[in-house]
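Structure at a glance
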Amino acid sequence: MSEPKENVLMEKIVSLCKRRGFVFQSSEIYGGINGFWDYGQLGAELKRNVKDAWWKTIVHHRDDVAGLEATIIMHPKIWEASGHVATFADPMSTCKHCKKLVRFDQVWEMIPENAWAQAIAEICPDGLVESPALLAWAKGKGKHLAPNLALVRNPEVTLSFLAARVDAPDATRLTTKELYQYLATEQVGATGLQTPCPHCGGELTAPRPFNLMFKSHYGPVESDDNVCYLRPETAQAIFAQFKNVHETARQKVPFGIGQMGKAFRNEVTPRNFIFRSREFEQMELEFFIKPDEAVEALAGSVAKASDNAWQGEPQADWGWEVWHKYWVEQRIRFYEGIGLTRDRFEEYWQKPEELAHYARACVDILYKFPFGTQELEGIAARGDFDLSQHEKHSGKPMGVFDEELRAAWGKLDEAKKASMRAKFVLGKTAAFLKKGADETEAAQQAEAEATVYFDKLAKGQYIPHVIEPSAGVDRLILALLADAYSELTTTDEKGKTETRVVMKFHPRIAPVKVGIFPLLKNKPELVAKAKEVRDLLRPHMTVFYDDGGAIGRRYARQDEAGTPFGLTIDFDTLGEKPELLDTVTLRDRDTQQQTRVAIKDLAGLLLPKVR
Ligand code: ATP
């Protein structure tokens, strides 16, 4: 079986999704709506299976995680406390010529995808400037492909600045990016190098922050007093309900709360099919842990992440670093469990300067999508930022009381307490310095925080810290579609070749688990037996009964839908060969091998494979 080339793979996947009912454009009959997608009959099943797998793994199969299902619209103060009202924004620019909006930090990702940029890259391979060819292009095809590019609007002047750059005595070789910038700039001296609009090559305005939250009003009156937002993430409800779940689920820290559901972001440029949309679903876990000082007081020391302890079962001496690594590993194991191999992932550990001010560490789990290696899930160690913010903004205590900690703290010797405090003050001072405080201020604020914090610890009180694995359902669906896609070319006895699609979904997430085919539809005994088999399996797994057309065609249709198993009911099933009475042919999608199985054994054989 051959694997299709990456750049065409996306087109093939999008077309298959429409053809077979995995994903449709939302509101298609009205021309569609950008950034919104609907899941069709196969897609809805696939999505449900993915979400079930997550829920089972994260919530049902663990003693230390509880589930939550909160509302999409919540009190607007939640989004003030979380920082989303003030800072949940992307840099947005407008093209002064074609008026299209673009996300400024994605412009350089988008430019090479456009025909005008590809044409220029072909004319000037490796940044080697071919001025006459550029001039000819500007006066010909360029007029249609990039009408607002400086090179097209004013070729001679634009090329003269480029020539000055290239012919300078100490000139270094141009990068492709620099080449595009020169070709987008008419007067380098006056404006500096410009970044072209990816669509038409025109000039972009300076980026300005654009808040991604969808805003609305609750109740009949539209005023500032009843503003509300569609949630841009599911996580905040977990923090807001932390106390309720902690008390009613009778959980003790460390424990987690998982939630999945819709999230909404008014993305400036939704793109790459369901990878970045405006309405999508998330699967998020907030796993609450004790602060390291509490762990040290209780367990005597904090385990080191370098000891590889995170590969095993959780232990009482795990601090945030080990818990963080543990969750990264758990999440990759989850992906492996639904058929994505480890070599398709990369971990990107954010550098200290890239981290949000409250985050201690953050790793992006990247997946090799057909259009590039990009984020599938983020796993952040967020300290006690979120619960503290909600405590501050709501005025309600968010901390927990731990009697064992109070008792252990009473037994700690003074030297240990002093060394913990010194370490805490050092860390806090650095954080205040990073936020812009001067040295004296930073030291004073750190000491003041230490006094409050250690007084509380001594009483057995603390605000839990959190590790947050946050995954996107739709991005995972796209990863699974891309991973499953393969093509099979066959040649028949007349030498005619045919290429068809086989979606190799892991049986756990395949939309339909078993196709059921009576050999002939005009033989009532075969049909009745096939329906008996269908009714036998249907309570346990999704089945698809198909009696239309040649058996080979029916197999092919199910291969394209990604159905891992096919059952054919033939005359032997009815006892033509007495020893084969009440047996069926079981066909495996991936090996195409067929075996004979007794009907009574089917459920027992198939269930462990599809669950
Ligand atoms: P990106 O940098 O790609 O915009 P992000 O870092 O803002 O993503 P998070 O806020 O960490 O994303 O959200 C967690 C997960 O939610 C992401 O890893 C992704 O799988 C999913 N997600 C975020 N935004 C979108 C979107 N617009 N469309 C589909 N899925 C999304």
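Rules used throughout
- Residues numbered from 1 in each chain as written.
- Predicted model: local features only at pLDDT ≥ 70, side-chain atom pairs only at ≥ 80, totals over all residues.
- Heavy atoms only, no water.
- Domains from an automatic or database assignment.
- Contact = heavy atoms within 4.5 Å.
- Buried area = accessible area lost by both parts, 1.4 Å probe.
- Salt bridge = Lys/Arg side-chain N within 4 Å of Asp/Glu carboxyl O.
- Nonpolar A, V, L, I, M, F, W, Y, C, P; charged D, E, K, R; others polar.
- Near = heavy atom within 4 Å.
- Polar contact = N/O pair within 3.5 Å; in protein donor to acceptor, adjacent residues only side chain to side chain.
- Areas by Shrake-Rupley, 256 points an atom, 1.4 Å probe, with all protein chains shown as cover.
- Helix = DSSP H or I, 4+ residues; strand = E, 2+ residues; numbered from the N terminus.
- Expected span 1.5 Å × (residues − 1).
- Buried < 20%, exposed > 50% of the residue type's maximum accessible area, 1.4 Å probe, protein only.
- Arc of directions from axis to C-beta.
- Pairing = 2+ DSSP bridges.
- Axes fitted to C-alpha atoms, helices over the stretch in contact; angles between N-to-C directions.

Per the domain assignment, the segments making up the chain are domain 1 (41-73 + 233-399 + 463-476), domain 2 (89-209) and domain 3 (512-610). Domain 1 and domain 2 are separated by 41 Å when their C-alpha centres are compared. Listed by partner, the interface residues are six residues for domain 1 and nine residues for domain 2. Between domain 1 and domain 2 the total buried area reaches about 650 Å² when both faces are included, carbon and sulfur atoms providing 41% of it. The three residues of domain 1 that bury the most area against domain 2 are Val268, Thr269 and Arg271, which together make up 76% of that side's buried surface. At the junction of domain 1 with domain 2, the criterion picks out three salt bridges. Arg271 is the partner of Glu109 in a salt bridge, and the nearest nitrogen-oxygen pair spans 2.9 Å. Residue composition of the side of domain 1 that touches domain 2, grouped by class: one nonpolar, two polar and three charged.

The environment of the ligand is made up of 15 residues, and the closest members are Glu267, Arg276, Ser277, Glu375 and Leu376. One nitrogen or oxygen atom from the main chain of Ser277 is found 2.8 Å from a nitrogen atom belonging to the ligand. Note that an oxygen atom of the ligand is positioned 3.0 Å from one of the backbone N or O atoms of Gly472. Compared with its free state, where it exposes 590 Å², the ligand has 81% of that area covered by protein. Among the elements that take part in the shell around the ligand, strand S13 (residues 372-381) stands out by supplying four residues, more than any other. In the shell around the ligand, the residues fall into four nonpolar, five polar and six charged.

Every α-helix carries 3.6 residues per turn, so stepping three or four residues along brings you back to the same face. Over its 14 residues, helix H22 (residues 524-537) runs 20 Å from end to end, which matches the ideal 20 Å to within 8%, given 1.5 Å per residue. Here H22 has its buried residues at Leu526, Val527, Lys529, Ala530, Val533, Arg534 and Leu537. Down the axis of H22, the buried set is contained in an arc of 165°. They therefore lie on one face. In the core, the buried residues of H22 are packed alongside strand S19 (514-518), strand S20 (543-545), strand S21 (565-569) and helix H24 (602-610).

Here the focus is the sheet that holds strand S4 (residues 89-94). Read across the sheet, three strands follow the order S5-S4-S6 without closing on themselves; strand pairing throughout is antiparallel. Each edge of the sheet is formed by a strand with only one pairing partner; in this case those strands are strand S5 (101-103) and strand S6 (208-211). Within the sheet, the average angular offset between the axes of one strand and its neighbour, ignoring direction, is 50°.

Let us now look at the sheet that holds S19. Strand order in this open sheet of five strands is S20-S19-S21-S22-S23, and the pairing throughout is mixed. Since the sheet does not close on itself, it has two edges, and those belong to S20 and strand S23 (594-598), each with one partner. Each adjacent strand pair in this sheet contributes to an overall mean axis angle of 25°, direction not counted. Sheet analysis places S21 next to strand S22 (residues 583-588), joined by four bridges and oriented antiparallel.

With that out of the way, let us pick up the pattern of salt bridges. Enumeration over the complete set of coordinates arrives at 42 salt bridges. In this structure, the salt-bridge partner of Lys139 is Glu156, at a minimum N-O distance of 3.1 Å. Of this pair, Lys139 sits in helix H7 (residues 131-139) while Glu156 is found in helix H10 (residues 155-167), placing the two residues 17 residues apart along the sequence. What makes Glu156 partly exposed here is its relative accessible area of 43%. When salt bridges that share partners are traced, they join Asp90, Arg103, Asp105, Glu267 and Arg276 into one network.

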